[in-house]
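Residue strings, one per chain:
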Amino acid sequence: MKNRRFHLSWTAASVICLLAAGVWNLSQAKGQKGAQAPHEPVGRLAPGRFYTPTNQVLTPVGMQIELPGLRPQALALSQDGRYLVVAGLTHELLVLDPDSGAIRQRLAFPSDQQQVPPPEEDKQGQVSYTGLVFSPDGSSLYLANVNGSIEVFSLQRDGNFAGASAMILPAADAPRRKEEIPAGLAVSPDGRRLYVCGNLSNRLFELDAATGAVLRSWDVGVAPYDVALAGNKAFVSNWGGRRPDGQSAAGPAGQGTLVRVDPVRYIANEGSVSVIDLGKPASGGSSSVQVKDILVGLHSSALAVAPGGHHIVVTNSGSDTLSVIDTRTDQVVETIWARHSPADLFGAQPNALAFDKSGKKLFVCNGTQNAVAVVSFRPGKSKLQGLIPVGWFPGAIVHDSRRDSLCVANIKGLSWGRPRKSNGETEFNSHQYQGSISLVPLASLRSLRAHTRAVLANIRYPLLQQAMLPPRPGQPPRPVPERAGEPSVFQHVVYIIKENRTYDQVLGDIKEGNGDPGLCVFGERITPNQHKMVRNYVLLDNTYCSGILSADGHQWADTAIATDYVEKSFAGWPRSYPDGMADNEVDALAYSPAGFIWDNVLAHGRTLRNYGEFAITRKQWKDKTRSGDPHFLDHWRDFTQGTDAVTLWSEPGIESLRPHTMTSTVGWDMDVPDVFRAAQFIRELKDFERTGSFPNLVIICLPNDHTSGTKAGAPTPAAQVADNDLAFGQVVEAISHSRFWKETCIFAVEDDPQAGWDHVSGYRTTAYVISPYTKRGQTISTQYNQTSLLRTMELDLGLPPMNQLDATATPMSDCFTGVADLTPFVALKNNIPLDQMNPDPKKIADPLLRHYAYASARLPLDRIDRCPEDLLNRILWHAMKGSQVPYPSWAVQRVEDDDRRH
């Protein structure tokens, strides 16, 4: 396979290297107060050592088979051990040799062969959420395709597989989608029946394995994920638990469906396993048998049947536990913690599991800990024995009894990047998907202890323990208190969330930082305020987004974690694109069970005001006879000339935000100027000055640096970024001139890096820390990310961390001094007219720019991050650089990705 690399780390020397990496991390964590993270960048630092944009180090053991362009989410090993099959974020199935890891075959989906493929920019993805199984005799292979079909492959006499057929499932008939979302699969022991989870219709289907005909179906819980057979029963895990009833609080779960939620935070709050007796008769095509529900932990997902069939185990990703069910009594007989300690905060996220042949060992993918947990399985007396380091977010696992090893699919990864021809440096891009397979020989108990130490060092476990220490009495107020609850000089935090820029795109022209001016397209002329801020305060040139697009970016920015549901929904986003700022993008299943930063604030008696984050835009003409939607110039004239033609408001995407959201401003809408958003905040700030009651946490959404490409009727990219820059400057100016300035700290960051170009890492972004106590005129190269911002805000507001990732984040202490400088900030005027509009394509003489103008007109730029990122980035590059400057392909590698978002 092209660009495939193998890393062997089975030797004692490799274990020593792992421990060395671990000792390094431990020494950093155990250092004296103020211990800093290293100044290393995110990326691959050496063979077998990776630094993720979530503070964690990866030191995977075993053989690593890298899969460029793939997020592997499903694994199957043939019964004879000859074939290891991988599926995920790709339009093909990969068949690997389990010994060498070499790719033996690439298989197109049968459904692709049966129809004309859609145009590249219109593909929605034919990929696997989960669900990949062999028939009992090994002659057939079944794959769940989220686009509504089961792809069937058959083993030929020559030892190769071939696409056989595609079984189309009945329509789900959801409000916004008709195609079913097939998920977990199971085959009856005789190979004649195939059981399929209908993840959207909340049903289990029994199919004729030969023809695909639906024989029976049953209603189960919300978003069924996996199915397993034991005896004459089918067990179905339900990501969202039981269906809501009239007495339960309910929230949206994507595609117009509902899920049970807690009535305070409105986050999905139940998981369950449905049990179906397959031996009971059914009438017609739908079974009349009553389905039994077993309550388990949150985000109940993967299932595994213990050898002998007497017990079945389900992973509860949202609770960090495993539930053991006795298949004879249908009762939970044991709950096993997947965390290193039950007292730890949320953050293991077990999401896949497999037994060894004896049934005495259970192996569990702890996604967020980048590890496989080894459990000694004795129902009632099971015990977590240790952890094995693998790749980034392991999400599927099989046990290879013939080789006494584990095969683990690591969903995420960090690309080696592409060499920059001018100087040979390595470049990265966040969308250069680099999932991998870990082939791990089973460790001895002694090796397991060493592996466990390495995992705990890699996830900075000592910092997790340190974060839970109680506040000490008599501590002086600090810009960043050392422990939660100790006094801070700040009483107010303003958190500004912007959209989709990398560091080099905006600040690459500043010589004091590690930037590449050749990659800077929105430099000082377009963003004078942001340039002034980083010169007046601190320039952060080693700060990263933790996610790569809005769906996970807003989760990282607001919760400091992405759930298993989000990480696995990259398979085409079949249920929702959960950025939270459109009707069909609100999804309670996507949210962290540990809550949002605003939940943390409110739970600890602090006050909150929200300006646009997780807010759904509403607008209409005041003149009811007018047709069509208002566009940018309509909003611009309303704002600048007082034409008063449009009624504009927003509704909270999460019900918990309703009492705290200013509804006269909006979140996502590229037709609404950011200076309008800034004005709404400033208007209320004046009210707060009169009352003296400025909230403790203020969140402001300023999204227009996303831009609308070169679409006619929209502002130019330069104008929209300038709009964003001016609005940001106006907010900072207003706060710095207010009575609250001496006790306020402003943090700002992008929600994601939009797959943009950057010479260090595609995850690297712009971030800002502005306050009277911020250092002046200094470059800070400490490695920070979105979890660092959240951790610092929590310490400033006296809040405990929400989960393991913000608990172990590096607080931004390096940015502050103990002496206040109350000099206010004065915003600079924009150099680009904010109503500078893209011309009609017919009036553009340059053929390339005209081509991109027409392309922009076809893109769904009114919908959040629905555009192919490579195309939009090329549009932006040439709009700013002209048609003659080559696009920096050395910094941005185009790969197949079916999420269609940035």
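Since the model is a prediction, treat every value here as computed from it, not as a measurement.

A. A look at the confidence of the model for the protein. In this model, the protein carries a mean pLDDT of 89, and residues with pLDDT of at least 70 account for 89%. The low-confidence segment residues 1-37, where pLDDT is below 50, has 72 contacts with residues more than four positions distant or belonging to other chains. Every residue in residues 893-902 is under pLDDT 50, and counting partners more than four places away or in other chains gives 63 contacts.

B. Structural detail: the sheet that holds strand E39 (residues 608-611). One open sheet accounts for five strands, arranged E39-E42-E36-E43-E44; its pairing is mixed. Here the strands that pair on one side only, and so sit at the sheet edges, are E39 and strand E44 (767-770). Recorded for the sheet is a direction-independent mean angle of 10° between the axes of neighbouring strands. In the sheet, strand E36 (residues 492-498) pairs with strand E43 (residues 744-750) via seven bridges, with the strands oriented parallel. Bridge pairing in E43 places Tyr495 opposite Phe747.

C. Representation of the pattern of salt bridges in the model. Across all of its chains, the model carries 37 salt bridges by this definition. Linking Arg71 and Glu567 is a salt bridge whose minimum nitrogen-to-oxygen distance equals 3.2 Å. Of the two residues, Arg71 sits in the loop between strand E4 (63-68) and strand E5 (72-77) while Glu567 sits in helix H8 (residues 564-568), which places them 496 residues apart along the sequence. A single burial state applies to Arg71 and to Glu567, both of which are buried. Arg677 serves as the salt-bridge partner of Asp674, at 2.8 Å between the closest nitrogen and oxygen. Here Arg677 and Asp674 lie together in helix H11 (residues 674-691), a separation of three residues that amounts to about one turn.

D. Structural context of empty space enclosed by the protein. All told, the structure shown has eight cavities of 30 Å³ or more when counted by the stated rule. Space inside the largest cavity adds up to approximately 110 Å³. Going through the elements one at a time, E4 and strand E35 (434-441) are the ones with two or more residues in the lining of the largest cavity. Of the residues that constitute the lining of the largest cavity, the class distribution is five nonpolar, five polar and three charged.

E. Structural detail: the sheet that holds strand E18 (residues 233-238). Sheet architecture is open: four strands sit in the order E17-E18-E21-E22, paired in antiparallel fashion. Strands at the two margins of the open sheet, each flanked by one partner only, are strand E17 (224-230) and strand E22 (292-296). Each neighbouring strand pair of the sheet contributes to a mean axis angle of 25°, computed without reference to strand direction. Sheet topology places E17 next to E18; six bridges connect them, and they run antiparallel. Looking at E18, one finds that Ala228 is bridged to Phe235.

F. Seen up close, helix H10 (residues 632-641). Looking only at H10, the buried set comprises Phe632, Asp634, His635, Trp636 and Asp638. Here the buried face of H10 lies against strand E40 (615-621), strand E41 (646-652) and H11. Positioned one or two residues after H10, Gly642 has a phi angle of 70°, which is positive.

G. Geometry of the pairing of E41. Side chains of E41 alternate between two faces, with Val646, Leu648, Ser650 and Pro652 buried and Thr647, Trp649 and Glu651 left unburied. Bridge count between E40 and E41: seven bridges; the pairing is antiparallel. Bridge pairing links Arg618 to Trp649 in E41.

H. Seen up close, the packing of helix H6 (residues 528-536) against helix H12 (residues 717-736). The contact between H6 and H12 brings their axes to 7 Å, and the two run at 45°. Here H6 is positioned oblique relative to H12, judged by the angle of their axes. Taking contact as the criterion, the partners of Pro528, Asn529, Gln530 and Met533 in H6 are, on H12, Asn724, Asp725, Leu726, Phe728, Gly729 and Val732. Split into classes, the residues belonging to the contact of H6 with H12 amount to five nonpolar, four polar and one charged.

I. Broad picture of the layout of surface pockets. Its volume calculated, the largest pocket comes out at about 1,500 Å³. Residue lining of the largest pocket: 46 residues in total, with Leu77, Val133, Leu303, Val305 and Val398 positioned closest to the centre. When residues of the lining of the largest pocket are traced back to their parent elements, those giving at least two are E5, strand E9 (132-134), strand E13 (182-187), E17, strand E23 (300-305), strand E27 (350-355) and strand E31 (392-400). In terms of residues, the lining of the largest pocket owes the most to one element, E31, which gives six residues. Per-class residue counts for the lining of the largest pocket are 29 nonpolar, twelve polar and five charged.

J. Summary view of the packing of helix H7 (residues 550-559) against helix H13 (residues 786-796). Remark: H7 packs on H13, axes separated minimally by 8 Å, with the N-to-C direction vectors making an angle of 25°. The orientation of H7 with respect to H13, classified from their angle, is roughly parallel. Contacts from Gly553, Trp556, Ala557, Asp558 and Thr559 in H7 reach Gln786, Thr787 and Leu790 in H13. For the contact of H7 with H13, the per-class residue count stands at three nonpolar, four polar and one charged.

K. Representation of the environment of Arg791 in the model. For Arg791, the location among the structural elements is in helix H13. Arg791 gets classed as buried once you look at its relative accessible area, which sits at 4%. Expressed as a C-alpha distance, the spacing of Arg791 and Val480, which sit 311 residues apart in the sequence, is 9.7 Å. Excluding residues that lie within four positions of it along the chain, Arg791 makes contacts with Ala467, Leu799, Pro801, Asp806, Ala807, Ala809 and Pro811.

Conventions adopted
Residues numbered from 1 in each chain as written. Predicted model: local features only at pLDDT ≥ 70, side-chain atom pairs only at ≥ 80, totals over all residues. Heavy atoms only, no water. pLDDT = per-residue confidence, 0-100. Contact = heavy atoms within 4.5 Å. Pairing = 2+ DSSP bridges. Helix = DSSP H or I, 4+ residues; strand = E, 2+ residues; numbered from the N terminus. Axes fitted to C-alpha atoms, helices over the stretch in contact; angles between N-to-C directions. Salt bridge = Lys/Arg side-chain N within 4 Å of Asp/Glu carboxyl O. Buried < 20%, exposed > 50% of the residue type's maximum accessible area, 1.4 Å probe, protein only. 1 Å grid on protein atoms, 1.4 Å probe; cavity = no way out; pocket = protein on both sides within 12 Å on 5 of 7 lines; lining within 4 Å. Points joined across faces, edges and corners; volume = space filled by probe spheres on them. Nonpolar A, V, L, I, M, F, W, Y, C, P; charged D, E, K, R; others polar. Parallel < 35°, antiparallel > 145°, perpendicular 65-115°, else oblique.

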